Amino acid sequence: MNDSRPEMSHTPIAQPSSPWDEWPKWDSNQEFCTKRFQFIGSVNQFDKKTQGDKIAILKHRQFIEIYKKLLSEQPLNILELGYFQGGMPLFISDMHLPDLANNSKPLHIVGIDYYEPTQELKATIESNKLADTIKLYGGILQDDVKAIKTVVESEFGQQSLDLVIDDCSHQYQETKLCFESFFSHLKPDGKYVIEDWGWQHWPGEPWQTSNSPFHGKPSMSNLILELVMAMGSRPDIIARIDVVSEFCTVITRGPSLAHGERVILSEITKMAGRTYVPM
C-alpha cells in the first residue's frame, strides 16, 4: 500500500522557557534585577525604601536561591507574614509564569505587617498593574491571629494556600501561634516557610551579645525541634521538614487536617507516655 503522507518531523516542539532560566540577573551578591525591577538586597539594613522600580528586599543571594526552588513550582495563593518594603511580593509577581491553559487561577499574594505600606510602595504596585495581584495589610501584629484570619478568609475564602512565608517577628511564641493557626490553610504538600529561626545560634556581633534584638527571649530553634517531634508523631499532618539553612526551614503539609483546623503541637505530639512540655 502506497502511503503518500508526508514524513513526520522529529524536531521537538519548543517549550516556553521558565523565567527562572533567565532571571534574576545578579549585579552583586546583594543586588539583582528581574524583568521590571531592580532589587537592593540586605539582611540588616532596615532603612532602605522601595521607590519606583528600585525595590528594597531583606534577602541576600543565598536566600533568593532557596526561594528560586520553592517558587519555580509556581504557587498561586501565597500568604506572607512580614512584607517589609514589598520585596518578596514584587519579586514573586515578576517571576511568575502565567498558566495560559488555566488562566482562571491568577496569582494572589497577600502580605500582612505591623507597618502600613508606604505611599511609594503602593505607587509601585499600582503603576505596574499589580493591584489585583498583591494585597498588603498593615497595622496588624503577628500575635493578632483573629485579625490575620479575617484577612485570609476575606482574600482567599475557602481556597487553600500554596505557600506561607513567615518573615515576621522571628519570636518563638508569635511564630508558633501563627503556625498552629494557619498551617491547615495550606493544601496538602503546600509549604510553610519559617525564616531566621537560628538567630540564637548565629556567631559574632550582635547575636552572641546583649545587643542582640532577641537577647533574653525564647529561641526560635525550640519551635523547629517541636515541629520535628510533631512530625515523628503525626507524619500525616507534618509530612516533611527541610532545614535548608541557618535562616530557613520549610515545613510540608501532610494529607490530614480539615481546612482551617487549628494544629496544636502539644496535642499531636506523642511522648512515650510522658507529658509534653513546650521548649
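Residues numbered from 1 in each chain as written. Predicted model: local features only at pLDDT ≥ 70, side-chain atom pairs only at ≥ 80, totals over all residues. Heavy atoms only, no water.

Draft legend 1. Up close: the overall build of the protein. Across its full length, the protein carries eight helices and eleven strands. Here the protein holds 279 residues, and 48% of them are scored as buried. Considering only contacts within the protein whose residues lie at least 6 apart along the sequence, 70% involve residues at least 24 apart. (Helix = DSSP H or I, 4+ residues; strand = E, 2+ residues; numbered from the N terminus. Buried < 20%, exposed > 50% of the residue type's maximum accessible area, 1.4 Å probe, protein only. Contact = heavy atoms within 4.5 Å.)

Draft legend 2. Spatial organisation of unusual backbone geometry. A cis amide bond, omega -5 degrees, links W23 with the succeeding residue P24. Mapped onto the secondary structure, P24 falls in the loop between α1 (19–22) and β1 (25–26). Residue P206 is reached from E205 by a cis peptide bond, and omega for that bond is -10 degrees. On the secondary structure map, P206 appears in the loop between β9 (186–195) and α7 (221–233).

Draft legend 3. Highlighting helix α4 (residues 119–127). Those residues of α4 that sit buried are L121, T124 and I125. One side of α4 holds all its buried residues, which, seen down the axis, span an arc of 95 degrees. In α4, the exposed residues that point more than 90 degrees away from the buried face are Q119, E126 and S127. In this structure, the buried side of α4 is in contact with β4 (54–57), α3 (87–95) and β7 (134–137). Of the residues trailing α4, K129 is marked for its positive phi of about 55 degrees. (Arc of directions from axis to C-beta.)

Draft legend 4. Structural view of the environment of S212. Turning to its location among the elements, S212 is positioned in the loop between β9 and α7. Considering only alpha carbons, one finds S212 and Q200, twelve residues apart in sequence, at a separation of 8.8 Å. Non-local contacts of S212, meaning those with residues more than four positions away in its chain, are made with P206 and W207.

Draft legend 5. Looking closely at the layout of surface pockets. The space that makes up the largest pocket amounts to roughly 1,200 Å³. Lining the largest pocket are 36 residues; nearest its centre among them are F46, L58, C168, H170 and D196. Tallied by class, residues from the lining of the largest pocket come to 18 nonpolar, nine polar and nine charged. (1 Å grid on protein atoms, 1.4 Å probe; cavity = no way out; pocket = protein on both sides within 12 Å on 5 of 7 lines; lining within 4 Å. Points joined across faces, edges and corners; volume = space filled by probe spheres on them. Nonpolar A, V, L, I, M, F, W, Y, C, P; charged D, E, K, R; others polar.)

Draft legend 6. How the structure looks around the sheet that holds strand β2 (residues 31–33). Read across the open sheet, the four strands follow the order β1-β2-β3-β4; overall the sheet is mixed. The strands lining the two open edges of the sheet, one partner per strand, are β1 and β4. Bridge count for strand β3 (residues 38–41) against β4 is four bridges, and the pairing is parallel. Pairing of Q38 across the sheet is with K54, part of β4. Lying over the sheet, α3 contacts β2, β3 and β4, oriented at roughly 120 degrees with respect to β4. (Pairing = 2+ DSSP bridges. Axes fitted to C-alpha atoms, helices over the stretch in contact; angles between N-to-C directions.)

Draft legend 7. Quick look at the packing of helix α5 (residues 145–156) against helix α6 (residues 172–182). Running from amino to carboxyl end, α5 crosses α6 at an angle of 40 degrees, the nearest separation of the two axes being 11 Å. Taken together, the axis directions place α5 and α6 in an arrangement best described as oblique. α6 is crossed by α5, and the crossing has right-handed handedness. On α6, the residues that touch V145, I148, K149 and V152 of α5 are L177, C178, S181 and F182. (Parallel < 35°, antiparallel > 145°, perpendicular 65-115°, else oblique. Left-handed = near helix turned anticlockwise from the far one by under 90°.)

Draft legend 8. Inspection of the sheet that holds β9 at higher detail. Strand order across the open sheet formed by seven strands is β7-β6-β5-β8-β9-β11-β10, with mixed pairing between neighbours. Whereas interior strands pair on both sides, the edge strands pair on one side only; in this sheet they are β7 and β10 (238–245). Ignoring strand direction, the axes of neighbouring strands in this sheet form an average angle of 15 degrees. With six bridges joining them, β10 and strand β11 (residues 248–253) adopt antiparallel strand pairing. If you follow R240 over to β11, its bridge partner there is T252. Against the sheet, α7 engages β9, β10 and β11, with an angle of about 145 degrees to β10.

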